[in-house]
Amino acid sequence: MWTARVRKAAERALPPDRLLPDRQPAFVSSWVYVFGSATLAALVTLVLSGTWLALEGPDWWHTSRVGHFLNSVHFWGVQLFFFAMVLHLWGKFLMGAWRGRRRTTWLVGALAFLVSVGTGLTGYVLQQNFASQWISTQAKDGFNAVGIGAFFNVLNLGQMLTLHVLIMPAAVVAITVVHLLLVRHRGVVPPYDAAEEHLSEELG
Amino acid sequence: MTWRQDDAAAARAWIGPTRPYDLLKEFAIALVVVVVLAAALAALFSSPDEPPVTLAAWARADPMDFVTTALSELDGSSGTATYGPPYVALPGAGQRIGPLNLQQLAGVRIPIDPAVDFVLEPLRTAAAGDPSLDQALRSWTAATTAERRRWVSAYATALRSASVIDGTIQAPGGDYGPVGELMQSELTLAQDGGLEGAMLTRHAFYATDYTKPLLFLADGSYLGSLAERQHLLGDQWGMMNETGSYPGQTWLWLYTLWYQVPPFSSSGNADALVWALMLVLTTGFVLVPWIPGLRSLPRRLRIYRRIWRDYYRELAR
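Residues numbered from 1 in each chain as written. Chains lettered and ligands numbered in written order. Predicted model: local features only at pLDDT ≥ 70, side-chain atom pairs only at ≥ 80, totals over all residues.

Draft legend 1. Highlighting the overall build of chain A. Check the secondary structure of chain A and you find eight helices and two strands. The order of α-helices and β-strands along chain A, N terminus first, is α-α-β-α-α-α-α-α-α-β. Dimensions of chain A along its principal axes, counting C-alpha atoms only, are 60 × 45 × 35 Å. For chain A, the proportion of its 204 residues judged to be buried stands at 49%. In chain A, 71% of the contacts between residues at least 6 apart in sequence involve partners at least 24 apart. (Helix = DSSP H or I, 4+ residues; strand = E, 2+ residues; numbered from the N terminus. Buried ≥ 20, exposed ≤ 12 C-beta atoms within 10 Å, placed from the backbone. Contact = placed C-beta atoms within 7 Å.)

This is how it looks when you write it as structure tokens:
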């Protein structure tokens, strides 16, 4: 059965000790490694606060103190998310983290960043305040200039709402899951000029 | 070492020293820290929520700008009327990347007739109990294009020495047919708060698409003047700013940067050119591991020596 083959392939690619190991190479001792987890934590914060905001509806946070606080958590969560993500990206760049069959991990991570930027924009234009009026009327020119605006209308609140609360976050989460699985599948990249005796003859 | 040697070495399994590492614990701690930090920032600094500009507020605060804009919608000279796709079919309109006009290629998928959608149709909804307005609309509809042009031109001249007192346009007399009545009615409808609704709900009770009122608002100069005060204009790094003193979309810094420098800062095709440039740069960013030179840059920068300094120190011993 193809299902059995898929299960066996998944087990081979990510056995439990590789998916959630209890040990890591000793070189994993820098603060740089924290920013990946921090990005993921900020994403979870955004999904939780965003889910609550979505449950109450788009007008709620303008009229409720709790809603405004929750929107503020979402707002600062976005700032923390991008702050951590950019530091994570720089860290991985400076480590040359794509070495050793890890190119796809970088590519998927870069896609996560790009889709996150798009998700952030759809959030900014559906705030129903002055900022969203201004941002949407300015952003439309960029999208229209390359033909995207005909399909992705930042002035259409309904379209932006469904994109922001469902389609774009689902894409970010899905890409992030793939990225995490690739990270666990290949493991962390060893340092440049690692000692010969620290590297197996076998592929990782 | 060459890139290939670096790449091959990094592909080998690690059999060097290891240490206990609880990934779930690290994530749980990170989650608590981020939630507490976000909640603390929210409690301390709140978040921006500058109220939106309504068409009523615009019509009351700057009635001359409002009327001038409405007149430009009527005669087809407004920003939206001359925009081209995706709103208006206008051959040759739209930004270009060299010979390529992607705006035209995408076509008119959000059709808008500024004179009808922003002025005439909203006024038709208001004309039900207003015979004078109804007559003005009939006159406009029955007029030839030449007559309309003459009326609008005469009214535009009159507006230069006009003023608005208590919601009434005080313009010198002239041969501008029904245009004065139409503009006065449009201003009154907006000041009374009925224009957004008339633009939004022509075909339905519910509304979720604000394309029309936003385009109309953006055609005037009032919205831009408010944005300028908040440092939100394109040449003020506006795309990465936020109202008040809050951080905006700072991650758009590179995209925003190009709008500040020539040739983009003075080009009529700035948006298309900046997008094209960003597409190239973004492709480069995504494909770093495949680009010779760039993929070896971290080794030359040697900042990895600081990141893995403990490992190299141990190795030196």
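More follows now that the structure is in view.
Draft legend 2. Just the nonpolar core, in detail. In this structure, Ala-42, Phe-81 and Val-125 of chain A together with Ala-70, Tyr-155 and Met-183 of chain B are the most contacted members of the largest nonpolar core, which totals 104 residues. The element that contributes the greatest number of residues to this core is helix H5 (residues 65-94) of chain A, accounting for 11 residues. Non-local contacts of Ala-42 of chain A, meaning those with residues more than four positions away in its chain, are made with Gly-77, Leu-80, Phe-81 and Ala-84 of chain A together with Val-34 of chain B. (Core = buried A, V, L, I, M, F, W, Y, C linked by C-beta atoms within 7 Å.)

Draft legend 3. Structural detail: the packing of helix H4 (residues 63-75) of chain B against helix H6 (residues 114-126) of chain B. Residue and element names in this part refer to chain B. Contact geometry for H4 and H6: axes closest at 7 Å, N-to-C directions at 130 degrees. Compared by their axis directions, H4 and H6 come out oblique. At the point where H4 passes H6, the crossing takes the left-handed sense. Here Ala-70, Glu-73 and Leu-74 of H4 lie close against H6, whose contacting residues are Pro-114, Ala-115, Phe-118 and Val-119. Split by residue class, the contact of H4 with H6 holds six nonpolar, no polar and one charged. (Axes fitted to C-alpha atoms, helices over the stretch in contact; angles between N-to-C directions. Parallel < 35°, antiparallel > 145°, perpendicular 65-115°, else oblique. Left-handed = near helix turned anticlockwise from the far one by under 90°. Nonpolar A, V, L, I, M, F, W, Y, C, P; charged D, E, K, R; others polar.)

Draft legend 4. Fine view of the confidence of the model for chain B. Of the residues in chain B, 99% have a pLDDT of 70 or more, and the chain-wide mean is 93. The ipTM value of the predicted complex is 0.93, and its pTM value is 0.93. (pLDDT = per-residue confidence, 0-100.)

Draft legend 5. Examining the packing of H4 of chain B against helix H8 (residues 145-159) of chain B more closely. Residue and element names in this part refer to chain B. Contact geometry for H4 and H8: axes closest at 11 Å, N-to-C directions at 165 degrees. Comparing their axes, H8 and H4 come out roughly antiparallel. Viewed along their axes, H4 and H8 form a crossing whose handedness is left-handed. Of the residues in H8, those in contact with Val-67, Thr-68, Leu-71, Leu-74 and Asp-75 of H4 are Val-152, Tyr-155, Ala-156 and Leu-159. Considered class by class, the residues forming the contact of H4 with H8 number seven nonpolar, one polar and one charged.

Draft legend 6. Examining the interface of chain B and chain A more closely. Counting residues at the interface gives 86 residues for chain B, matched by 85 residues for chain A. It is helix H2 (residues 23-45) of chain B that contributes the most residues to the side of chain B that touches chain A, 13 residues altogether. Residues belonging to the side of chain B that touches chain A are distributed by class as follows: 57 nonpolar, 14 polar and 15 charged. Across three bridges, the pairing between strand S1 (residues 23-25) of chain A and strand S2 (residues 18-20) of chain B is antiparallel. Counterpart to Pro-25 of chain A in the pairing with S2 of chain B is Thr-18 of chain B. (Pairing = 2+ DSSP bridges.)

Draft legend 7. Region of the structure containing the environment of Ala-70 of chain B. Residues and elements named next belong to chain B. One can find Ala-70 in helix H4. In sequence terms Ala-70 and Thr-145 are 75 residues apart; their C-alpha atoms lie 18 Å from each other. When neighbours within four sequence positions are excluded, Ala-70 is seen to be in contact with Phe-118, Val-119, Met-183 and Glu-186.

Draft legend 8. A look at the environment of His-88 of chain A. Residues and elements named next belong to chain A. Among the secondary structure elements, His-88 is positioned in helix H5. Residues His-88 and Gly-109, 21 residues apart in the sequence, show an inter-C-alpha distance of 9.8 Å. With residues up to four places along the chain from it excluded, the contact list for His-88 reads Phe-35, Gly-36 and Thr-39.

Draft legend 9. Spotlight on unusual backbone geometry. Geometrically, the link from Pro-85 of chain B to Pro-86 of chain B is a cis peptide bond, its omega value of 10 degrees lying close to zero. Following the sequence through the fold, Pro-86 of chain B ends up in the loop between H4 and helix H5 (102-106). For Asp-193 of chain A, which is not glycine, the phi torsion reads 55 degrees and is therefore positive. Along the polypeptide, Asp-193 of chain A turns up in the loop between helix H8 (157-186) and strand S2 (199-203). A count of 16 C-beta atoms within 10 Å places Asp-193 of chain A in the partly exposed class. Its identity is not glycine, yet His-231 of chain B carries a phi of approximately 60 degrees, on the positive side. Relative to the helices and strands, His-231 of chain B is located in the loop between helix H12 (222-229) and helix H13 (253-258). According to the C-beta neighbour criterion, His-231 of chain B is partly exposed, with 13 such atoms within 10 Å.

Draft legend 10. Quick peek at helix H14 (residues 270-286) of chain B. The first and last C-alpha atoms of H14 of chain B sit 24 Å apart over 17 residues, in line with the 24 Å expected at 1.5 Å per residue. For H14 of chain B, the set of buried residues is Asp-271, Ala-272, Val-274 and Trp-275 of chain B. Projection of H14 of chain B onto a plane perpendicular to its axis shows the buried side chains occupying an angular sector of 155 degrees, all on one side. Along H14 of chain B, exposed side chains directed more than 90 degrees from the buried face belong to Val-280 and Gly-284 of chain B. Elements in contact with the buried residues of H14 of chain B: helix H7 (130-145) of chain A together with H13 of chain B. (Expected span 1.5 Å × (residues − 1). Arc of directions from axis to C-beta.)

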